[in-house]
Structure formats: C-alpha cells, structure tokens
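The lines below spell out each chain.
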Amino acid sequence: MNTLMDSYGRLFPYLRLSLTEACNFRCTYCLPDGYRPDGHPVFLTRAEIGRLLRAFAALGMDKIRLTGGEPSLRRDLSAIIATTAATDGIRTIALTTNGYQLRKRVEQWREAGLTALNISVDSLDRGRFQRITGHDRCDDIRQGIETALTLGFDSIKLNAVLLRGLNDDGLEQWLDYLRDRDLSVRFIELMRTGDNREYFQHRHLDAEMLERQIQQAGWRPRARAANAGPAREYGHPDFKGRIGIIAPYARDFCKDCNRLRVTARGDLRLCLFGDFSIPLRPLLRTDADHEALVGRIAAQLGLKAAGHGLHQGHTGITPHLASVGG
Ligand code: SAM
Ligand code: SF4
C-alpha cells in the first residue's frame, strides 16, 4: 500500500530526482548565461541514490524521473539507471534530457532499464532551436529521437516550452511531425522562477489559445490514465502522435499533484515553488539509516501545501528549474 499521503489525501507514487545542477545548454528561460556552480557542490553518489530509492520505494513510490540540470552529463548515468531498475517496486524509470547525448547513448540507457523518455525540443526548426538553447543540435537530437522510436520505450514525450515570439507559430510543423510518429509533444506554459521575472513578462504565453487551435483542428481530449502527470492530452484519428498541454497557471493545477522532488544535493522538496527543503543526505550515508530515512520522508509530507503561489508572483526558493530538477 502507498503510505506516501499528504494531509489533503493526495498520494505520491512519483519521485523526480535531480542528478546534477550542471547543464551544457543555455536555454533562454532557464540558464541564459549558462551553468554557474553555486560553491563546490558534490552531487548524490550512486550509492546514496540507491539508498534514497529504496526508502521511497518502501513507501510505495513506483515511478521515478531522473532529471537535472542535464542528467546525461553524469558519466555514471547508465549505472544509475541500472541501480534504479534493480530497486524492488520501481516500475517506471523515466529520463528528462535536453537530448545532447541522445543519439550516442539512448540504446545504452534502454539496455540499462530506462522505460520512458522526455526530450526537450522547444522548436523543430534548426535556427529557432539554436536561438532558444544556444546550441545547433536540433538535427542531431531529431536523429536521436528516430533511434529512440525503434527501441520499444513505454513512452516518448517531447517537451516544448511556449515562448511568445520565439516558437509560437510552429504548430503546422509539429502537426506534420506527429502524423506518423508514436510520441507525444507537450506544450508547457513558461513558469516564472526567481531569475526570469522580466523574461517571463515578455515571453509568457497562455496555452489556452493553442488549445483552442488544436481543438478546432479536430483534436479531442484523451481519457486520463491513473498516475498521469498534469498534462491535458489530445489525440486525433489521423495522427499517430498526441499533444499534451501543461498549464501550471490553470485553476486546479495542483489538485492532482502526485510528485515529490529530491535535489541533486539530497534535499527533499515538497513543491517546485515551495519555501523550504528537507535535508535527507545525512541519512543517506549508510544502509543502517534506512528506517530513519523512511520515517523522515513520511513525516514531512504533512507539511506539503495545497498549491503553489505562482499567481501571487511567489516563486519560492527556486531561482531556475535547473536548480531543483524541473
Ligand atoms: N536539462 C533537461 C531538459 O532540459 O530536459 C532536464 C531539466 S529541465 C529543467 C526540465 C524541463 O523543464 C525542460 O523540459 C525545460 O524545458 C523545462 N523548463 C525549464 N525552465 C522552465 C520554465 N521556466 N518554465 C517551464 N518549463 C521550464
Ligand atoms: Fe539546461 Fe534543461 Fe535548463 Fe535548458 S531547460 S538550460 S537544457 S536544465
């Protein structure tokens, strides 16, 4: 039984674990000046990650997303995936990546036990992709996606952050792309973080207009799966692919929240935009602290708030999503 329940009756079968704060991209909405380390951080080791996963799995967590920063910058990523796959109770192992290593490494990750893949692709257009991410990697990443499609993943999703004036007229190109590909593209509304206040004012775009456009083009809402994320998903009989809309400013966005986060430094974060974190690392040093770790995680859930305060401009202690594991 899942014992990860908060005081609002929400269950938390889903953990997002950041493997590193470092990133090699300079996405204009996240790390526009590139990654600058805050001190000399030492990120969780594979042994610490193994202990953390065993504790969450003992509490009923069955789905994990490995994220960052850019998780593929970890040389031991395949080994971490294998450790995760060897943890009793974990059924879904997903990775969120900017795709930089995808073409070279995706087969290795799949063999290690990865079951689901999210790749950030803010535009299918080479020039726009470069303008947004600072890297001319669009074609290479698109090739990596073609390889991934042959490997039998349970799910492949592409994340595109909606950005006014930068990628907001790309729907036609996406529809062409989705016609024959069994994957989902999720359009994500830009979120305001501690560092991107002005950028947000300039570039934020309401996802509703796009949602109306796809509805007018004959796309229809799909039934929500249990454990589904926050996306509203659409399908169309003429297309193999699907479209998801993630609108964090929509009413009730937090109502079905089913996720917890642990940062690359081992801090439990109850909300992406929360005000505090709970250090777990002191209990990750030896296997002997397993029970204490399980107890600390379960006890903290009572402190999870009903929802974020983004509407009031409150971004909590999150300077940018690379710092927490977006
Ligand atoms: N580096 C990996 C990547 O880009 O996929 C993983 C970490 S990144 C922080 C995770 C996701 O968060 C990406 O899809 C990215 O586009 C999204 N993201 C980052 N900052 C965001 C923001 N301010 N608003 C909405 N999405 C954001
Ligand atoms: Fe790096 Fe991902 Fe942030 Fe882009 S969104 S800068 S790839 S962490």
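From a predicted model like this one, the values you see are computed outputs, not experimental measurements.

Honestly, the overall build of the chain in this entry has me stumped. Any pointers?
Scanning the chain from terminus to terminus reveals 9 helices and 12 strands. Of the accessible surface of the chain, which amounts to about 14,800 Å², a share of 47% is contributed by carbon and sulfur atoms.

Would you explain the site of ligand 2 in this entry?
Taken together, Cys-23, Phe-25, Cys-27, Tyr-29, Cys-30, Leu-31, Gly-69, Asn-98 and Ala-322 make up all the residues around ligand 2. A per-class count over the shell around ligand 2 returns 7 nonpolar, 2 polar and no charged.

Got a minute to help me understand the site of ligand 1 in this structure?
The local shell around ligand 1 holds 19 residues, among which Tyr-29, Gly-69, Glu-70, Ser-120 and Met-191 are the closest. Here a nitrogen atom of ligand 1 and a side-chain polar atom of Glu-70 are 3.1 Å apart. In this structure, Met-191 approaches ligand 1 through a main-chain N or O atom, which is 2.8 Å from a nitrogen atom. The protein chains hide 95% of the 540 Å² of surface that ligand 1 would expose on its own. Counting residues per element, the ones that place at least two in the shell around ligand 1 are strand 3 (92-97) and strand 5 (155-162). Of the residues in the shell around ligand 1, the class split is 7 nonpolar, 10 polar and 2 charged.

Can you walk me through the pairing of strand 3 in this structure?
The two faces of the sheet receive side chains in turn, since in a regular strand these alternate between them. Among the 6 residues that make up strand 3, 5 are buried, leaving the element largely enclosed by the rest of the structure. Pairing of strand 2 (residues 63-67) with strand 3 involves 4 bridges; the strand directions are parallel. Its bridge partner being in strand 3, Lys-63 is matched across the sheet by Thr-92. In this fold, the crossover linking strand 2 to strand 3 by way of helix 2 (residues 77-85) has right-handed handedness. By the bridge criterion, 4 bridges tie strand 3 to strand 4 (residues 116-120) in an arrangement that is parallel. Among the inter-strand pairings, Thr-97 is bridged to a residue of strand 4, identified as Ile-119. The parallel pair strand 3 and strand 4 is bridged by helix 3 (residues 102-112), and the resulting crossover is right-handed.

Is there a simple way to explain the environment of Glu-111 in this structure?
Relative to the assigned elements, Glu-111 resides in helix 3. Owing to a relative accessible area of 72%, Glu-111 belongs among the exposed residues under this scheme. As a C-alpha pair, Glu-111 and Leu-151 span 40 residues in sequence and 9.4 Å in three-dimensional space.

Can you help me understand the packing of helix 2 against helix 3 in this one?
Helices that pack against each other are described as a pair by the angle of their axes relative to one another and the distance between those axes. In the contact formed by helix 2 and helix 3, the axes pass within 8 Å of each other and the chain directions differ by 20°. With respect to each other, helix 2 and helix 3 are oriented roughly parallel. The two elements helix 2 and helix 3 cross, and the hand of that crossing is right-handed. Note on element contacts: helix 3 touches helix 2 through Gln-108, Trp-109 and Ala-112, opposite Leu-77, Ser-78, Ile-81, Ala-82 and Ala-85.

Explain empty space enclosed by the protein here, please?
Here the idea is plain: a probe the size of a water molecule rolls over the atoms and shows the empty space left. In this structure the tally under the stated criterion is 1 cavity of 30 Å³ or more. A volume near 40 Å³ is recorded for the largest cavity. Forming the boundary of the largest cavity are Asp-122, Ser-123, Leu-124, Asp-125, Arg-128, Asn-167, Gly-170, Gln-173 and Trp-174.

Honestly, the pattern of salt bridges in this entry has me stumped. Any pointers?
Opposite charge on two side chains allows them to pair when their charged atoms are near. Counted by the stated rule, this structure contains 16 salt bridges. With a shortest N-O distance of 4.0 Å, Glu-208 and Arg-212 are connected by a salt bridge. Within this pair, Glu-208 and its partner Arg-212 are both found in helix 8 (residues 207-216), separated by 4 residues, close to a single helical turn. Exposure remark for Glu-208: the relative accessible area of 47% places this residue in the partly exposed category. In this structure, a network of salt bridges that share partners links the residues Glu-21, Asp-38 and Arg-265.

Hey, could you run me through the layout of surface pockets in this one?
For the second largest pocket, the calculated volume is near 530 Å³. Counting only elements with at least two residues in the lining of the second largest pocket, the list comes to helix 7 (197-203) and strand 11 (267-269). With 3 residues, the top contributor of residues to the lining of the second largest pocket is helix 7. Residue composition of the lining of the second largest pocket, by class: 8 nonpolar, 7 polar and 10 charged.

Each value, and the rule that gives it
- Residues numbered from 1 in each chain as written.
- Chains lettered and ligands numbered in written order.
- Predicted model: local features only at pLDDT ≥ 70, side-chain atom pairs only at ≥ 80, totals over all residues.
- Heavy atoms only, no water.
- Helix = DSSP H or I, 4+ residues; strand = E, 2+ residues; numbered from the N terminus.
- Areas by Shrake-Rupley, 256 points an atom, 1.4 Å probe, with all protein chains shown as cover.
- Near = heavy atom within 4 Å.
- Nonpolar A, V, L, I, M, F, W, Y, C, P; charged D, E, K, R; others polar.
- Polar contact = N/O pair within 3.5 Å; in protein donor to acceptor, adjacent residues only side chain to side chain.
- Buried < 20%, exposed > 50% of the residue type's maximum accessible area, 1.4 Å probe, protein only.
- Pairing = 2+ DSSP bridges.
- Right-handed = clockwise from strand over helix to strand, strands pointing away.
- Axes fitted to C-alpha atoms, helices over the stretch in contact; angles between N-to-C directions.
- Parallel < 35°, antiparallel > 145°, perpendicular 65-115°, else oblique.
- Left-handed = near helix turned anticlockwise from the far one by under 90°.
- Contact = heavy atoms within 4.5 Å.
- 1 Å grid on protein atoms, 1.4 Å probe; cavity = no way out; pocket = protein on both sides within 12 Å on 5 of 7 lines; lining within 4 Å.
- Points joined across faces, edges and corners; volume = space filled by probe spheres on them.
- Salt bridge = Lys/Arg side-chain N within 4 Å of Asp/Glu carboxyl O.

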